Amino acid sequence: MSIEIENVNKQFGTFKALSNVSLAIPSGELVALLGPSGCGKTTLLRIVAGLEYADSGRILFNGEDTTQSHVRERRVGFVFQHYALFRHMTVFDNVAFGLTVRPKATRPSKQDIREKVMKLLQLVQLENMATRYPAQLSGGQRQRIALARALAVEPQVLLLDEPFGALDAQVRAELRRWLRRLHDEIHVTSVFVTHDQEEALEVADRIVVMNKGKIEQVGTPDQVYENPATSFVLNFLGSVNMFHGRMSQGKAQLSGLQVHSNGYAGADDTPAVAYVRSHDIEIDRSQIDNSSIKAEIKNILKLGPTVRISLLIEGNSEFVEAELTRDKFQQLDLKHGEHVYVHPRQVRVFVDDFQI
Amino acid sequence: MKLFKRHNNVLPGFGITLGFTIFYLSVIVLIPLSALVFRTMGLTWGEFISTVTAPRVMASYKVTFGAALIAALINAVFGVLVAWVLVRYKFPGRKIVDALVDLPFALPTAVAGITLATIYSSNGWVGRYLEPLGIKIAFTPLGITLAMTFIGLPFVVRTVQPVIEEIEVELEEAAVCLGANRWQTLTRVIFPMLFPSILTGFALSFARGVGEYGSIIFIAGNMPMVSEITPLLIITKLEQFDYRGATAIACVMLLISFLMLLVVNLLQKWSRRYAD
């Protein structure tokens with residue numbers, strides 16, 4: 001079941017939540033809507049679900065216009081950040097809800113409902129929790145029940161609004177791996193909203209990066225990470241160092257380093273910003289080539305497998321952050337206050353919002 | 001042996017607060033009530049039975065508890081409606097309506113009684129239109145029910161209102177996504193969550209109705225066997241210096257009220273079984 005979003009606009013008072021958003025989601029994919037809070041990703045998801053209506057634009061399911069159809073008719077499974085389980089019902093009744101509210105003519109028999117619910121509980125690995133109440137479950141278990149409940153009605157589309165947002169880090173990581181496996185099993189077109197880039201990179205087939213009510217880039221996790229279309233996307237995915245400078249004669253003159261950027265051959269004497277990901281910065285004791293910059297180690301933070309180092313560039317008040325593996329760090333045996341050379345492996349220059 | 005386990009609570013003094021609670025309840029509730037029972041002890045069992053089962057007394061139980069029950073039921077329905085409207089809809093004058101709900105709390109009951117009697121008597125503002133239809137409110141059991149409904153309304157509204165405020169919109173959205181229509185969402189999702197608070201409101205409204213005196217005597221007409229409430233009967237007995245007779249009837253009222261509240265409490269516990 002494919003979803004097409006055509007020129008959707010949505011305004012809340014004076015706040016423009018979505019401006020002219022268009023997006024096509026192919027059938028059977030798991031898509032992440034990624035962006036900072038307030039970028040319109042949840043609003044877009046709710047419009048697809050039919051919980052919110054667009055001011056203008058269309059939503060098509062399988063090529064069929066569903067813009068005006070009611071939530072009930074859209075057959076979407078919606079999973080909420082805070083689970084939204086019915087707390088006065090047992091786990092079983094929660095999952096069965098979507099089946100028991102059907103009109104008599106299409107409602108499965110009690111026996112069929114029972115079988116189906118138990119099968120779903122098996123799928124989410126909670127079959128022995130059927131008689132419990134939501135209050136007796138952990139956050140991760142509750143979200144799995146919410147998912148089973150959404151799947152019970154055999155939705156054409158599964159929509160998840162920050163499904164792991166309320167969980168702690170470990171459960172979160174576990175659950176997203178589980179969601180990926182589940183999707184590989186059932187292949188229902190799914191869209192989930194997240195502000196966590198790691199989550200999107202890990203789980204999604206395709207990532208839609210959003211900012212200020214607009215789509216910045218659509219692509220596979222590799223595409224958006226390796227070839228960010230805009231400086232926003234680059235900034236949002238991973239930690240980045242920024243170097244401000246000017247563009248002149250096809251070269252970006254930045255604080256201490258010079259970068260060839262042929263794409264901007266025509267641009268002369270315009271402000272430019274170069275971005276280098278933290279893990280693309282190498283630290284050496286000696287100068288490798290003329291792109292090496294002398295810097296002083298100001299701070300060392302050991303974060304499990306990686307070590308984050310803040311360096312102050314010589315003759316400049318700008319700080320650079322570098323990320324090394326713990327191995328590399330131990331090999332170099334870097335010390336606080338030491339003078340070293342930093343060497344950016346990969347530099348991306350943006351003038352305004354155009355990429356090289 | 002330690003009687004209570006020590007809890008490391010933020011609020012200090014489990015012992016002191018429990019002690020005070022028991023002391024306070026004793027002074028305010030238990031001692032006066034036990035005095036009531038002791039006073040009744042002056043009667044022999046036979047005298048007691050004949051006092052509390054006299055036909056006029058029996059009729060008054062029926063009127064009092066019957067009217068209070070009906071009033072509480074009416075409040076349970078319309079109080080929830082009022083609470084719902086106050087929480088879910090924004091309309092001009094909402095704050096004023098919200099404040100009006102508390103009026104029966106604040107109004108001296110005699111004022112309420114006189115007002116109701118004036119309005120619903122056969123030549124009153126409302127009563128004069130109901131009279132030709134054969135509906136007499138003032139000076140009948142209907143009037144008693146009306147007065148009890150009036151004074152009991154805030155109890156239901158004020159207990160249900162905060163619970164409605166707490167129901168997340170997401171629950172309704174989840175129900176709709178799963179294919180439930182408005183009616184199913186209401187009966188299967190919203191109502192079960194409100195039910196415990198409706199029960200509490202019902203119990204409070206009922207208890208208030210049973211204990212009401214001031215407003216009812218003005219509108220009831222107080223005809224023996226027809227529209228005489230038990231509290232009035234107790235007052236009458238006191239005025240005749242029949243203290244033991246008065247306390248005997250009071251004991252029975254106390255017992256019935258206590259039993260009914262107990263049942264409601266058990267029901268409420270059952271309806272909240274999912275919470276623990």
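Further up the page is the structure itself.
Cut-offs applied
Each chain carries its own residue numbering, running from 1 in the direction its sequence is written. Lettering for chains starts from A, numbering for ligands starts from 1, and both go in the order in which the items are written. Totals for whole chains, interfaces and linings use every residue, but because this is a predicted model, local features are given only for residues with pLDDT of at least 70 and side-chain atom pairs only at 80 or more, for both listing and counting. Hydrogens and water molecules were not included; the side-chain quantities draw on all heavy atoms of the structure. We call two residues contacting when some pair of their heavy atoms lies within 4.5 Å. Accessible surface is computed with a 1.4 Å probe, and the buried area is the amount of it that two parts give up when combined, taken over both parts together. The rule for a salt bridge is simple: a side-chain nitrogen of Lys or Arg has to be within 4 Å of a carboxyl oxygen of Asp or Glu. The definition of a polar contact used here is a pair of N or O atoms within 3.5 Å, where within protein one atom must be able to donate a hydrogen and the other to accept one, and adjacent residues in sequence count solely through side-chain atom pairs. Runs of E in the DSSP output that reach at least two residues are strands. Runs of H or I that reach at least four are helices, and both are numbered from the N terminus. Pairing between strands is defined by DSSP: at least two bridges between the two strands are required. Think of each axis as a best-fit line through the C-alpha atoms, taken over the contacting stretch in the case of a helix, with angles from 0 to 180 degrees between the N-to-C directions. Accessibility here uses a 1.4 Å probe with only protein chains present; expressed as a share of the type maximum, an area under 20% marks a residue as buried, one over 50% as exposed, and anything in between as partly exposed. Angular relationships are summarised with four words: roughly parallel below 35 degrees, roughly antiparallel beyond 145, roughly perpendicular across 65 to 115, and oblique for the angles in between. A crossing counts as left-handed when the near helix is turned anticlockwise from the far one by less than a right angle, and as right-handed when that turn is clockwise. Polar here means any residue other than Ala, Val, Leu, Ile, Met, Phe, Trp, Tyr, Cys and Pro, which are nonpolar, and Asp, Glu, Lys and Arg, which are charged; Gly is therefore polar. We define the nonpolar core as a collection of buried residues of types Ala, Val, Leu, Ile, Met, Phe, Trp, Tyr and Cys that are connected through side-chain atoms lying within 4.5 Å of one another. Aromatic contacts are taken between Phe, Tyr and Trp rings whose centres are within 6.5 Å, Trp giving its six-membered ring; a plane angle under 30 degrees counts as stacked, one over 60 as edge-to-face, and the others as tilted. Any Lys NZ or Arg CZ that is within 6 Å of a ring centre and within 35 degrees of that ring's normal is treated as a charge sitting over the ring.

To continue, consider the interface of chain B and chain A. Taken residue by residue, the interface counts 22 residues in chain B and 25 residues in chain A. Summed over both partners, the interface of chain B with chain A buries about 2,200 Å², with 63% contributed by carbon and sulfur atoms. Between the two partners, chain B and chain A, sit two salt bridges. Of the charged contacts in the structure, one is a salt bridge between Glu173(B) and Arg46(A), with a shortest N-O distance of 2.6 Å. The tally of links between chain B and chain A comes to four residue pairs in polar contact (both at pLDDT 80 or more). Those elements that place two or more of their residues in the side of chain B that touches chain A are helix H9 (169–177) and helix H10 (182–211) of chain B. Sort the elements by how many residues they give to the side of chain B that touches chain A and H9(B) lands first, with seven residues.

A separate point is the sheet that holds strand E3 (residues 30–34) of chain A. Residue and element names in this part refer to chain A. Here we have six strands laid out as an open sheet, ordered E6-E7-E8-E3-E9-E10, and mixed in their pairing. Because the sheet does not close on itself, it has two edges, and the strands there are strand E6 (76–79) and strand E10 (214–219). Each strand of the sheet is rotated relative to its neighbour by a mean of 15°, with strand direction disregarded. Sheet topology note: the E6/strand E7 (residues 157–161) ladder contains four bridges and is parallel. Across the sheet, the residue bridging to valine 76 is valine 157, located in E7. Packed on one face of the sheet, helix H1 (residues 41–49) meets E3, E6, E7, strand E8 (189–194) and strand E9 (206–211) and runs near 150° to E7.

Next up on the list: unusual backbone geometry. All names here are of chain A. Not every positive phi belongs to a glycine, and glutamate 154 is a case in point at roughly 50°. Position of glutamate 154 relative to the elements: it lies in the loop between helix H5 (139–152) and E7. If you check the backbone angles, lysine 212 has positive phi at about 50° while not being a glycine. You can see lysine 212 is positioned in the loop between E9 and E10. Classification of lysine 212 by relative accessible area gives exposed; the value is 66%.

Residues and elements named next belong to chain B. Interhelical geometry of helix H1 (residues 14–40) versus helix H13 (residues 243–271) gives an angle of 125° and a closest axis separation of 8 Å. Accordingly, the angle class assigned to the pair H1 and H13 is oblique. The handedness of the crossing between H1 and H13 comes out as left-handed. Contact with H1, carried on its side by Leu33, Leu36, Val37, Arg39 and Thr40, involves Tyr243, Arg244, Thr247, Ala248, Ala250, Cys251 and Leu254 of H13 and no other residues of that element. Of the residues that constitute the contact of H1 with H13, the class distribution is eight nonpolar, two polar and two charged.

Right, let's talk about the environment of Val191(A) for a bit. Structurally, Val191(A) is set in strand E8. Sequence-distant contacts of Val191(A), that is, excluding residues within four places in its chain, are made with Ile3(A), Ile25(A), Val31(A), Leu33(A), Leu45(A), Leu158(A), Leu159(A) and Leu160(A).

Another aspect to go through is the pairing of E3(A). Regular strands place side chains that alternate from one sheet face to the opposite one. Counting buried positions along E3(A) yields five of five residues, so the element is predominantly enclosed. Of the two faces of E3(A), the one carrying Leu30(A), Ala32(A) and Leu34(A) and the one carrying Val31(A) and Leu33(A) are both buried.

A few words now on the nonpolar core. Membership of the largest hydrophobic core comes to 98 residues, with the highest contact counts inside it found for Ile5(A), Phe86(A), Phe97(A) and Leu159(A). With 47 residues, the next largest nonpolar core counts Val91(A), Leu121(A), Ile145(A) and Val203(A) among its residues.

Attention shifts here to the pattern of salt bridges. Inspection of every chain in the model, using the stated rule, returns 32 salt bridges over all chains. Lys10(A) serves as the salt-bridge partner of Asp55(A), at 4.0 Å between the closest nitrogen and oxygen. Taken as a pair, Asp55(A) in the loop between H1 and strand E4 (56–61) and Lys10(A) in strand E1 (residues 3–12) lie far apart in primary sequence, 45 residues in all. Residue class for Lys10(A) comes out buried when judged on its relative accessible area of 10%. Of the charged contacts in the structure, one is a salt bridge between Glu172(B) and Arg182(B), with a shortest N-O distance of 3.8 Å. Here Glu172(B), found in helix H9, pairs with Arg182(B), found in helix H10; they are 10 residues apart in sequence, far enough to count as distant. Among the charged side chains, a salt-bridge network with shared partners connects Arg172(A), Arg176(A), Arg177(A), Asp196(A), Glu198(A), Glu199(A) and Glu202(A).

Now for the packing of aromatic side chains. For any pair of aromatic rings, geometry is given as the distance between the ring centres together with the angle between the planes. Residue and element names in this part refer to chain A. Throughout the structure, instances matching the rule amount to 10 aromatic pairs over all chains. Ring geometry for phenylalanine 78 versus phenylalanine 80: centroids 4.8 Å apart, planes at 45°, classification tilted. With respect to class, phenylalanine 78 is no different from phenylalanine 80; both count as buried. Taking 5.6 Å as the distance between ring centres and 15° as the angle between the ring planes, the aromatic pair formed by phenylalanine 232 and phenylalanine 236 counts as stacked. Here phenylalanine 236 and phenylalanine 232 lie together in helix H9 (residues 231–236), a separation of four residues that amounts to about one turn. Summarising the burial analysis for this pair, phenylalanine 232 and phenylalanine 236 share the class buried. One residue, arginine 144, lies across the ring of tryptophan 178, its end atom 5.9 Å from the ring centre. Stacked on the ring of phenylalanine 86, the Lys or Arg arginine 149 has its end atom at 4.6 Å from the ring centre.

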